[in-house]
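Coordinate analysis (summary)
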Amino acid sequence: MRFLGRLLHFAVSVTLLFVVALPLANLAALAGLAAGAAVVLGVAGVVLLGRASWVRVRTPDDVHGGALAGRVAPAFVRRDRAWPQYFAAQVLLDARALVERVRLITRAVWVRPHRWARTHRWRLWWPFYVPVLAVQAGLTVGVVAGVLGAGLVTAGVSAAAWLVGVPVVLLLRGLDAGWQAVFGARASCRHCHQLAAVPAYRCRGPHPPGHRLTGADLHRDLRPGRLGVLWRRCGCGDLLPTTVLRAAFSRRLEACCPSCTEALLPGAGVVTDVRMPVFGAASAGKTQLIMSALAGLEQAAKRVGVTVALPDEHSRQQHEVYARLMREKASPAKTEASGPPVAVTLRLARGPRVALVHLFDAAGENLVDREQNARLAYLDHARSLIYVLDPFSVRRVRDEFAAGAPEVFAAANPASYDPEDAYNATVQRLQEFGVPTGRRRLAFVVSKADLLAKMSAGPDGSAGVRTWLRENGLGNLVLAVERDFREVRFFLVSGRKAGRDGGFGPANWILTREWSGLD
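In what follows, the accompanying structure is described.

Regarding its fold elements, the chain presents 16 helices and 14 strands. Counting the 519 residues in the chain, one finds 46% classified as buried. The long-range share in the chain, meaning contacts at least 24 apart out of those at least 6 apart in sequence, stands at 74%. Accessible surface, the chain as shown: approximately 25900 Å² in total, 59% of it carbon and sulfur.

Rendered as structure tokens:
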């Protein structure tokens, strides 16, 4: 009887297999195939919409902490706290999350029915399990096909994004660099005197106080890149423009010095930056020359319709002191050797063309001392320099005036350092610091022309001053300056005059070559 029962069960099972189970299995396989594809699409939609808590997200804190692949230039320290561009980081995390989630779903489809069947004596009704196997197999094939399809689409879209994004990034960066090269635009710091092509930008969005202390609200490299091509999303949620050209005019950003993080002047990195460092021995007339240059530039600018402004409080205060001394025809106080260099900035605007003109003055003792002048970083970044020579420090002139006009010699308060030593101390320092002086220009200024004229008529024009220097025993110095610098122009200047015979002459010569002359 047992044998007949088993035989009957087998016959019924085979009949059910061919009559019921196999036809159902074909339909079940198709349904499983569609279900597998739907699972992939559903999971992909949840992932892309950001509704899945199980998807790892590359956050601004991760980026700031160094989790984003790729090299960061030493000048930018580390990546900024901002959301990464999707195809630069998140796309791979989303793809991994998609594969892992559908793998878990597929595993559950295989494991759970099998466990249920084992607990319900599946050997008695095994033909009906065949459609279940068909669903499982169809779903697996559908999932694999869906994942492969999603992978191909993701790879294609990512490749297209990179193929379009990289040229756009290079183009936008090139526009920044081209603008700065054409207009001589740089970010010049009034505090540490460093110069940068790319300013740092402080986001004015809703950052906690701790971000200001740690610099997490500072975007050191706002150029187009992995954190955004046309725009970037700051960690605080604000949308910020990329490129220096656009960031300079954004109300959401404040330009800062990358070195000391102090605020920069408006337009830093976009407007023409003209630096005029003045160097020479103590008492050579450097401060008087700067006073004269400022007065001359201001008068000439107003005469030709150029707008003049003093963009910061320090410049306004220093300008008031200098203007009063010029009106009173008084001499300035000696520049303190223990204090920082004095920097005065003028903002000149001729239509859309704007320049920030910085004049730097440091104590002569610091300039002629090789150890002290190593701290004067502003010398390294100027395209043009002004060397001031006191004619009364020249031996032949000193001997002539000391004997023939002692009252004039006393009024001149001659510089005590040898002119060649005063020149070499600064120029050799520049060359030792890797500054290519052969690409720079030099305004060679012989000062105190008004006192020099009391004994004899001074030389006229650049060639005349050059000849006068050679005739007075400074031929080696003339050869040195013409060897060290690409372009040299000689001037005879009276620091008490504001016109072309004063400090305006060398200042306007530099301004003509770096921005636009005020003739």
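Summed over all chains, the structure comprises 20 salt bridges. A salt bridge links D390 to K448; its shortest N-O distance comes to 2.8 Å. Of this pair, D390 sits in the loop between β12 (384-389) and α10 (395-404) while K448 sits in the loop between β13 (441-446) and α13 (449-452), and the two are 58 residues apart along the sequence. For the pair shown, D390 and K448 are each scored as buried. Residues joined in a network through salt bridges with shared partners are R383, R441, E487, R513 and E514.

Looking now at the pairing of β12. Of all six residues making up β12, six are buried, and the element is well covered by its neighbours. In β12, alternate side chains face the same way, and those of S384, I386 and V388 on one face and L385, Y387 and L389 on the other are all buried. When strand β8 (residues 272-280) meets β12, the two strands line up parallel, connected through three bridges. Residue V278 lies in a different strand from β12, and its bridge partner there is I386. Bridge count for β12 against β13 is six bridges, and the pairing is parallel. Within β13, the position partnered with V388 by the bridge is V445.

The next subject is the pairing of β8. Across a regular strand the side chains alternate sides, sitting on one face of the sheet and then on the other. For β8, the tally of buried residues reaches nine of nine residues, placing the bulk of the element in the interior. A two-sided burial pattern is seen for β8, the buried positions comprising T272, V274, M276, V278 and G280 on one face and D273, R275, P277 and F279 on the other.

The subject of this paragraph is the nonpolar core. Counting residues in each nonpolar core, the largest one holds 39 residues, and the members touching the most others are Y387, Y423, L442, F444 and L469. Among the secondary structure elements, those contributing two or more residues to this core are β12, α10, α11 (406-412), α12 (419-432), β13, α13, α14 (461-471) and α15 (475-484). Apart from the residues within four sequence positions on either side, L442 is in contact with F279, L385, I386, Y387, Y423, V481, F485, E487, V488, R489 and W509.

What counts and what doesn't
For every chain, the first residue of its written sequence is number 1, and the numbers climb from 1 along that sequence. Given that this is a predicted model, residues contribute local features only at a pLDDT of at least 70 and side-chain atom pairs are listed and counted only at 80 or more, while totals for whole chains, interfaces and linings are drawn from all residues. The basis for every side-chain value is the complete set of non-hydrogen atoms in the structure, without hydrogens or water. Helix and strand labels come from DSSP, where a helix needs a run of H or I of at least four residues and a strand needs a run of E of at least two; each type is numbered from the N terminus. Remark: exposure states derive from per-residue accessible area (1.4 Å probe, protein chains only) relative to the maximum for the residue type, with buried under 20%, exposed over 50%, and partly exposed in between. Every residue pair with non-hydrogen atoms within 4.5 Å of one another is taken to be in contact. Only the protein chains shown count as cover for residues, and all accessible areas are computed by the Shrake-Rupley method using a 1.4 Å probe. We define a salt bridge as a side-chain nitrogen of Lys or Arg found within 4 Å of a carboxyl oxygen belonging to Asp or Glu. Strands pair, by our definition, only if DSSP identifies at least two bridges between them. What we call a nonpolar core is a set of buried Ala, Val, Leu, Ile, Met, Phe, Trp, Tyr and Cys residues that are connected through their side-chain atoms within 4.5 Å.

None of this, on its own, says anything about what the molecule does.
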